[in-house]
Amino acid sequence: MNKEKRILILKKFEIFYMNATTELKYNTSFELLIAIILSAQSSDTQVNNVTKQLFSKVSRPSDILKLGLLKLKKILRTIGLFNKKAEYIMNTCRLLANVFNESIPLNINQLLRLPGVGRKTANLFLNIVLKKKYIAVDTHVFRVSNRTGFATGASVGIVEKKLHRVVPSEFKLYIHAWFVIHGRYVCIAKKPKCLKCVINHVCEYFYKNFNYISKK
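Here is what the cut-offs are and how they apply
- Position numbers for residues start from 1 in each chain and track the written sequence from start to end.
- Local features are withheld for residues below a pLDDT of 70 in this predicted model, meaning they are given only at 70 or higher, and side-chain atom pairs are given and counted only at 80 or more; totals for whole chains, interfaces and linings count all residues.
- Side-chain measures were taken over the full set of non-hydrogen atoms in the model, leaving aside hydrogen atoms and water.
- Numbering of helices and strands starts at the N terminus; helices are DSSP runs of H or I of at least 4 residues and strands are runs of E of at least 2.
- Using C-alpha atoms as the atom set, the radius of gyration is obtained and then compared with a globule rule of 2.2 Å times the number of residues to the power 0.38.
- Partly exposed describes any residue whose relative accessible area lies between the buried limit of under 20% and the exposed limit of over 50%, with all areas from a 1.4 Å probe on protein chains only and scaled to the type maximum.
- Contacts between residues were defined by any pair of non-hydrogen atoms, one from each residue, lying within 4.5 Å.
- Shrake-Rupley sampling with a 1.4 Å probe provides the accessible areas, and residues are treated as covered by the protein chains on show and by no other component.
- For the charge count, each Lys or Arg is scored as positive and each Asp or Glu as negative, with His and the chain ends excluded.
- Charge placement uses NZ in Lys and CZ in Arg. For Asp and Glu, CG and CD serve respectively.
- Salt bridge, as applied in this entry: a Lys or Arg side-chain nitrogen positioned within 4 Å of an Asp or Glu carboxyl oxygen.
- Distance and chemistry together define a polar contact, namely a pair of N or O atoms within 3.5 Å, with one atom able to donate a hydrogen and the other to accept it when in protein, and with adjacent residues in sequence counting only for side-chain atoms on both sides.
- Working definition: a ring pair exists when centres of Phe, Tyr or Trp rings (six-membered ring for Trp) sit within 6.5 Å. Plane angles under 30 degrees give stacked, over 60 give edge-to-face, the rest tilted.
- An axis is simply a line fitted to the C-alpha atoms; with a helix, the fit covers only the stretch in contact. Between two such axes, the angle follows the N-to-C directions and lies from 0 to 180 degrees.
- Note on terminology: angles under 35 degrees are roughly parallel, angles over 145 are roughly antiparallel, angles of 65 to 115 are roughly perpendicular, and the others are oblique.
- Each residue gets one of three labels, nonpolar for Ala, Val, Leu, Ile, Met, Phe, Trp, Tyr, Cys and Pro, charged for Asp, Glu, Lys and Arg, and polar for the others, Gly among them.
- By definition, any crossing whose near helix is turned counterclockwise from its far helix by less than a right angle is left-handed, and any crossing with a clockwise turn is right-handed.

Topic: the overall build of the chain
In terms of regular secondary structure, the chain is built from 12 helices and zero strands. Taking 17 Å as the expected radius of gyration for a compact globule of 216 residues, we find that the chain reaches 19 Å, a close match to that expectation. Principal-axis analysis of the C-alpha atoms places the extent of the chain at approximately 65 × 30 × 30 Å. Sorting the 216 residues of the chain into buried and exposed places 48% on the buried side. In the chain, the share of contacts with a sequence separation of at least 24, taken over all contacts with a separation of at least 6, comes to 57%. As displayed, the chain offers around 11700 Å² of accessible surface, 53% of which is attributable to carbon and sulfur atoms. If the 37 positive side-chain charges of the chain are averaged to one point and the 12 negative ones to another, these points end up 5 Å apart.

And the structure:
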């Protein structure tokens, strides 16, 4: 894939996904961080159902500590890996309360110190909160990048570096939200909706798998 095709894809997404944003529901940066931690291997709908109850009881790290691990696990029990996520959240809140005076650090290196916070979580948090050009590579971004040929790589780290290299600066703030929406509803994991895709004319996957259409 060349620069011209990438620009075409980005401009199409800018038109079709102009208002795309995270589907996680939150009111504060603390709530956003907790929601992102919970979203690993869980749908946003599942997370929103859980956080609706959780955020009615807590609003800051010390509230989580007062709630306790057992009660936290009970609230989170309907989402995947809830035991491990509850431990991550409890340990993160302990660190936030004791080290960061209950504030969320806005530095990526400090964020990565928090249990349960990896590069994807940190990048997404900073992209949304600071409106900075961090590119979070989750399963949707990874799939769309590789399948279309936009930025290929065997790991999320490789794909993240390639995206930073090939995406023009003016699009970096939005590419995560655009690729997530496209991956969630069009370029889905199984049976992607290629014939309805707005970028199929420049998609390498479409060309390889549906080229017979253009030859008829």
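A word on the side chain of Lys85
Following the sequence through the fold, Lys85 ends up in helix H6 (residues 82-98). Buried charged residue Lys85 carries no salt bridge. Nearest counter-charge: Asp44, at 9.6 Å. Excluding anything up to four places from it in sequence, Lys85 contacts Ile37, Leu38, Ser39, Ala40, Ser42, Ile79 and Gly80.

Some points on the environment of Ser169
For Ser169, the position within the fold is in the loop between helix H10 (156-166) and helix H11 (175-185). Of the residues examined, Ser169 reaches a relative accessible area of 38% and is grouped as partly exposed. Along the primary structure Ser169 and Lys133 are separated by 36 residues, whereas in three dimensions their C-alpha atoms are 7.9 Å apart. A distance of 2.6 Å separates polar atoms of two side chains, one belonging to Ser169 and the other to Lys133.

Some thoughts on the packing of aromatic side chains
Enumeration over the complete set of coordinates arrives at six aromatic pairs. Judged by centre distance (5.2 Å) and plane angle (55°), the ring pair of Phe13 and Tyr17 falls under tilted. The class of Phe13 is buried, set by a relative accessible area of 0%. Measuring from ring centre to ring centre gives 5.0 Å for Phe206 and Phe210, while their planes differ by 15°; the resulting arrangement is stacked.

Quick look at the packing of helix H1 (residues 3-16) against H11
Where H1 meets H11, the closest approach of the two axes is 10 Å, and the angle between their N-to-C directions is 80°. In terms of axis orientation, H1 runs roughly perpendicular to H11. Only Ile175, Trp178, Phe179 and His182 of H11 make contact with H1, whose side of the interface consists of Leu10, Phe13 and Glu14. The residue inventory of the contact of H1 with H11, partitioned by class, reads five nonpolar, one polar and one charged.

Description of the packing of helix H5 (residues 69-76) against H6
Axes are the key here: two packed helices are described by the angle between their axes and the distance separating the axes. Running from N to C, H5 and H6 point in directions that differ by 130°, and their axes come no closer than 9 Å. Here H5 lies oblique to H6, going by the angle between them. Considering the relative orientation of H5 and H6, their crossing is right-handed. Residues Leu69, Leu72, Lys73 and Leu76 of H5 form the contact with H6, whose own contacting residues are Phe82, Asn83, Ala86, Glu87, Ile89 and Met90. Among the residues forming the contact of H5 with H6, the class breakdown is seven nonpolar, one polar and two charged.

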